[in-house]
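Coordinate analysis (summary)
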Amino acid sequence: MASSSQPAASGPRTDFFRQLKPVCVALSRITIRSAEKPNAKEVLGLIESLTSLWTAQASGDATILDEKLAEYVFFPLSHLLRHQDQYPIRVIEATIKLISSLVQYGWKAKLSQELAHQLLIFFALTISGGTPGDSKPREIPEETIIQGYRAITALVIATGSSTLVPASSASAPEEAIIPALGTSVTVVLDGIAAGVPVLIQLEALQCLEAFYTTIRNNLVLARFLPGTVSTLSRFLSPPSSQKTQRRVLIRCLEVLKLVLVNVLSDIKVRGILHKLKEEKPAQDDQTVATKDDKPNAELGPAWLKATTAQVKIALSSVLKLRSHESEQVQAALDGLCITLLDECHASLADCQSILVETAMMVEDVEAEKSLHQTSLQDLAGIYPELENIIKSTLYNWITGLPRQIQANDDRVKKLAVRSILRATKLAAALHMDSATLDESLGDSLRDSVISLMRDAKPAKVLDDIDSEGGLSRDDAGTELIPYRPVLLDLEGQKTTREEISTLISNMGSQEQQVKLAATMLGSLRDVDGLDQVASFWLSFELLKATYNQTSDLDELFDLSSLEETKNQEAIFRELYDFAAAVVSSHSDAEEQDWRLEAIALEVTAFAASRLKQDFRPELIDVLYPVTTCLGSSVPQLRRHAIATLNRLAQSCGYLTVSDLIIDNVDYMVNSISLRLNTFDISPASTKVLTMMIRLTGPKIIPYLDDVVAAIFAALDNYHGYPVFVESLFGVLSEMVNQGTRSDASHLLLEGNTNSQPVDHRKRRLPFRGVAGILETLEQRAQKVKKLKLETEEYQKEGKISHPNKPWGPEKSTSESEAKSLLDKLESGRPLDDDEQENQEEEGQESAVEKAKPATYTLLSRIMTLTQHYLSSPTPTLRKSLLDLVGTLSPALANDENAFLPMVNTLWPVVVARLYDSEPFVVVAACKALAGMCAAAGDFLATRFKTEWWSCTGPGSGDLGQNSGLGKWLRRVKAEGVKARGRGQKGGGTLSSFSSGTGSGSGSGTSGILLPSRLGASAGREVEDIVIGGGKQKEQQLTESLMSLSVTSKPTSQSLSTTTTTTTGGLSASSLGRFSQASQIWEAAIQLVTAMVGYVKVDDDMFDEILELVADEISQQQKNEELRGALDAVNSDAVWLALYERGSLHAGTGGGDGDYLVLETPARVEGFEFEFVKLVGVGA
């Protein structure tokens, strides 16, 4: 065998043959001995060696490889294939791989037809695992199947056009060819079925493509066309396509396109198409009957009709992939449609409608295409019938949009809107001008938006924001808040909203958009409800899209003279007028769809962004209505109002919204005053005014004098309406808050000579030591000496000189000043320097008083007005007025000549609120009085004294009255301490004390008070009171001290005991310090702190106050502010009170009687102090 088949060539070919020979001989020796069991491992090694040698030569120099070398290598393989059942599948796989290389690089097209058929059947049976009739086919690994498909592909490519199938189509192919091809095609189609691994599917598709690209005989291809198209369409149709990878779908679409084009293209069936034009329908029917009986007969018109009908059904299922999410799949589908419309235009004429519709849906008009790539627009220019199909398809889509938009699947909505967008762009490119399409498009858009609005459910949780939180206030500016969607604002409608917005912005030409907007505006005032909202929104979006399209051109050219631009401006002016009317009609009393107002706000902001500073005159009409939307009850509308104000400020050239309102404050104030003066008591006016003051800050206060006058008039007319009165005082409170801000102090102190803040705080006298005492004695001695000299002078001369003018600054009216000046001029006595200086100062003071700042005057009027409404039946109003008084007092205190009379006027009504029935009003009254104390100082001394002793003056034992500040404080303390849960059975804490000396009688005023000590046992339940070395129970001491309180002036002991007894009032609450009684007591402590710290208090009041608050400054409950205020008045009394309560002792490890002071008294020059052990105390 070797000698007969040895090639005669020399050189590289001979060297390669020498390499092949030993391997082939060894392999032949094994495969020929079929009686013995072959060594599979050895065979596999030899086959792999041959494969490596052949592949290496093919990759190096493939020219020396020919059919003779291929036959030489195939000889041992042929013996192996005769007994292939004896070899494992791994050997068969290696054999198939080697044969594939032999066919590809050796035989090529010179392979014999008989051997080609045998190899084709062998590959097909190996892939299928046996013959079709086998009950138990052999399991074939995935790698073997892939190698089998590759071998079939190589065989078909090498022999398909010549050896495998004759290229002539004039006659039917030989019957021997069809079984081999049929088996192979069936196996290939089985590899494309669903559930097969992806790699096998891709190799099977590659193999199928090789069949239809290599075989030139159209009769053979026509026989396999139905099965191929059916398999591919079934694979590409849902639900199989939904589970298939994208690359497989794309590859399958490419193969389907190739199959249809190679069999049904107009060039392939041009003869049949020519016959269809000449023959009659009756003859076509006869042809159908004859052709079906003769499958090998020539293809005719009947075959073409039947085939195209079946292809149309298959394509209708395949084209459902147009809703696939992948853009690559849609691009492949678009390529299929365009290719079939171009290559099979006449043969698949019945499929043109579905192909055009699919191409319109999936074609990406924005993608850049090559000049050599055909598009649907190009085909429509070539074939007029396609343009009609495009127009009818677009009309059907437009009319069906309201129905499609109601689908539950968002992908359906998205595809419907996007298809219309692409179709409108295509129609515009083809210059399809149709009034019917424009009208139907507008109606469809409006109906679709209405359907979406009607089906949308309101959000259960609204994302509310602060009414002024997003407004720009600083000079640096704030980033503009984007408008949130007014329509289709739900998260689930986001995709649909974006697609509709894109459709509106890009559909048709600019002229078409303007006409559509004009059509909607024409019916805008004649409809209401959702129709009006939808038409308003669509017209605004359309016009906005036209301006966005022309913005780039406007920078280069002046197109204002064009007719289209004039129409655009006129329509937008009409739109703005309607928006201004909607915004101006905003009122709480009228029910109006907030979405209509929100769209109107957007239109207003858009107009301002176009006109820039030229929009400022329009602010007269729109600024106040826009501001009223800040008080709306709808959070979305408030958010829109905030964004609109920011845009108005930026567009009109203002740095902040505050600057915008200040510059247009006259319009705003006039609008608000007009409402108040016309008795418009709607809450909108007060809300807008409050928001305006809060936005602008103190700068607007001087402009509000007319508004305050209107508010006062409204209070006089509507004082019987508590809610409205409260809203008016809410405005006044906002004025006060802004006018008293730290950055507004210059508005209050403007023109005031006393610009220093008022400080009435009491401070402890500095310790001056012996030198200070001597200096004081020296001053007293000098005064005595001076008085003695004056007495001696009087005794000598009998008279003493008297001053010519009163002491201190003269406070006279302008009339008395003029009279005094005339007297001096008539007497002829010239004015001395002091008189001239005093006259100039008085003139300046008078001028200052006459020219007070506008802010000061306005705030003082507000403070004076509160006295008439502090007795209002509305508790919240009383509380807000008291807060207002507490805020205003420090701000107005600099001008005492104007402030103290106001304090005198407000004192009776403010102090009466201490006895209010509402706890929070009482707390507010305490804070207001504390503010008045800090502002007025000693001016309130006599008033507090009178109020303190109003029913419990010194020496009177009447404690049974319900009024009096002292009695009220004691009751508040008892209830507060009880509510905190202190004490034991009575709910209070007993202040324990003992008498070191004295008899312990009922007077309770003799002896030294010392703190009692607990015994050695810390767990004792009943506290013992040490009195002169003896012991009494707590209850006995309480009863004895209570007897003192009704027979003598309240003492430190009686007051201390009174606070521990069970009194009528609030019961102990589990809320503790958060209870109402506890909160009132804390507020009372703040009042007492301010009263002692700023107001002069007599000794009797101070003693009672100290006893009341001694527990609050103890070590356990330290109140530094209160302690400091008391120390500034009488630090010794405070020390003694703390000492009495055991707050200044610390044990040193001795017994219970070791009492030491935490701080050693200061050493005084010439004196030393020592503590003495008290007799009778301790062990």
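Residues numbered from 1 in each chain as written. Predicted model: local features only at pLDDT ≥ 70, side-chain atom pairs only at ≥ 80, totals over all residues. Heavy atoms only, no water.

As annotated in an unreviewed UniProt entry, the chain carries the name Armadillo-type protein and comes from Rhypophila decipiens.

Attention now goes to the overall build of the chain. Counting its secondary structure elements, the chain contains 46 helices and four strands. A separation of at least 24 residues holds for 73% of the contacts in the chain among residues at least 6 apart in sequence. Only carbon and sulfur atoms are counted for the fraction: they give 51% of the accessible area of the chain, which is about 59,700 Å². (Helix = DSSP H or I, 4+ residues; strand = E, 2+ residues; numbered from the N terminus. Contact = heavy atoms within 4.5 Å. Areas by Shrake-Rupley, 256 points an atom, 1.4 Å probe, with all protein chains shown as cover.)

At a minimum axis distance of 12 Å, the contact between helix α8 (residues 198-214) and helix α9 (residues 218-236) shows a crossing angle of 150 degrees. By the angle class used here, α8 and α9 are roughly antiparallel. Where α8 crosses over α9, the two elements pack in a sense that is left-handed. Contacts from Gln-201, Leu-205, Leu-208, Phe-211 and Tyr-212 in α8 reach Leu-221, Phe-224, Leu-225, Thr-228, Leu-232 and Phe-235 in α9. Per-class residue counts for the contact of α8 with α9 are nine nonpolar, two polar and no charged. (Axes fitted to C-alpha atoms, helices over the stretch in contact; angles between N-to-C directions. Parallel < 35°, antiparallel > 145°, perpendicular 65-115°, else oblique. Left-handed = near helix turned anticlockwise from the far one by under 90°. Nonpolar A, V, L, I, M, F, W, Y, C, P; charged D, E, K, R; others polar.)

This part is about a nonpolar patch on the surface. Together, Ile-773, Leu-774 and Leu-777 make up a nonpolar patch on the protein surface, roughly 310 Å² of accessible area in all. Structurally, the position occupied by Leu-777 is in helix α33 (residues 769-797). Classification of Leu-777 by relative accessible area gives partly exposed; the value is 49%. (Patch = residues over 30% accessible without salt bridge, like charges linked within 9 Å, V, L, I, M, F, W, Y side chains within 5 Å. Salt bridge = Lys/Arg side-chain N within 4 Å of Asp/Glu carboxyl O. Buried < 20%, exposed > 50% of the residue type's maximum accessible area, 1.4 Å probe, protein only.)

The next thing to look at is the pattern of salt bridges. Tallied over the entire structure, the rule returns 24 salt bridges. One salt bridge in this structure joins Glu-325 and Arg-411, with 3.5 Å as the shortest N-O distance. Here Glu-325 is found in the loop between α13 (301-318) and α14 (327-343), whereas its partner Arg-411 is found in helix α18 (residues 410-429), with 86 residues between them in sequence. When its relative accessible area of 63% is taken as the criterion, Glu-325 is described as exposed. For Arg-411, a relative accessible area of 47% translates into the label partly exposed. Two residues, Asp-938 and Lys-762, come together in a salt bridge whose shortest N-O distance is 2.6 Å. Placement of Asp-938 in the loop between α39 (919-936) and α40 (941-948) and of Lys-762 in the loop between α32 (745-749) and α33 is noted, with a sequence separation of 176 residues between them. Residue classification places Asp-938 among the partly exposed residues on the basis of a relative accessible area of 39%. Of the residues examined, Lys-762 reaches a relative accessible area of 25% and is grouped as partly exposed.

The peptide bond linking Pro-238 to Pro-239 adopts the cis configuration, its omega dihedral lying at 5 degrees. Positive phi outside glycine occurs at His-431, with the angle close to 60 degrees. Considering the arrangement of structural elements, one finds His-431 in the loop between α18 and α19 (435-455). For Lys-612, which is not glycine, the phi torsion reads 60 degrees and is therefore positive. With respect to the helices and strands, the residue Lys-612 is situated in the loop between α24 (594-611) and α25 (619-628).

Considering the arrangement of structural elements, one finds Lys-973 in helix α41 (residues 965-979). Within the structure, Lys-973 has its side chain in polar contact with the backbone oxygen of Leu-1108 (distance 2.7 Å). (Polar contact = N/O pair within 3.5 Å; in protein donor to acceptor, adjacent residues only side chain to side chain.)

Our next topic: the packing of aromatic side chains. Following the criterion strictly, the structure yields 14 aromatic pairs and no others. With a centroid separation of 5.5 Å and 50 degrees between ring planes, the pair formed by Phe-122 and Phe-123 is classed as tilted. Since its relative accessible area comes to 1%, Phe-123 is described here as buried. Plain terms: the ring middles of Phe-540 and Phe-606 are 5.8 Å apart, the flat faces sit at 80 degrees to each other, and that makes the pair edge-to-face. (Phe/Tyr/Trp six-rings, centres within 6.5 Å; stacked < 30°, edge-to-face > 60°.)

Attention shifts here to the nonpolar core. In this structure, Met-735 and Phe-899 are the most contacted members of the largest nonpolar core, which totals 318 residues. Once residues lying within four places of it in the same chain are set aside, the contact partners of Met-735 are Leu-689, Ile-693, Ile-701, Leu-704, Val-707, Val-708, Ile-711, Leu-858, Leu-859 and Ile-862. (Core = buried A, V, L, I, M, F, W, Y, C linked by side-chain atoms within 4.5 Å.)

Viewed as axis vectors pointing N to C, α40 and α41 meet at an angle of 65 degrees, and their least axial separation amounts to 6 Å. In terms of axis orientation, α40 runs roughly perpendicular to α41. Residue-level contacts link Phe-944, Glu-947 and Trp-948 of α40 to Leu-965, Gly-966 and Leu-969 of α41. Here the residues of the contact of α40 with α41 sort into four nonpolar, one polar and one charged.

The terminal C-alpha atoms of α14 lie 24 Å apart, and with 17 residues this matches the ideal 24 Å at 1.5 Å per residue to within 8%. Among all positions in α14, only Val-329, Gln-330, Ala-332, Leu-333, Asp-334, Leu-336, Cys-337, Ile-338, Leu-340 and Leu-341 are buried. On its buried face, α14 sits against α10 (246-264), α13, α15 (352-362), α16 (376-382), α17 (384-404) and α18. (Expected span 1.5 Å × (residues − 1).)

So, about the environment of Ala-314. Tracing the chain through its elements places Ala-314 in helix α13. Through-space distance from the C-alpha of Ala-314 to that of Pro-226 is 9.9 Å; in sequence the pair is 88 residues apart. Once residues lying within four places of it in the same chain are set aside, the contact partners of Ala-314 are Val-229 and Ser-233.

Summarising the element assignment, Glu-896 is placed in helix α38 (residues 896-911). Residues Glu-896 and Val-758, 138 residues apart in the sequence, show an inter-C-alpha distance of 9.4 Å. Contacts of Glu-896, omitting those with residues within four sequence positions, involve His-760 and Pro-901.

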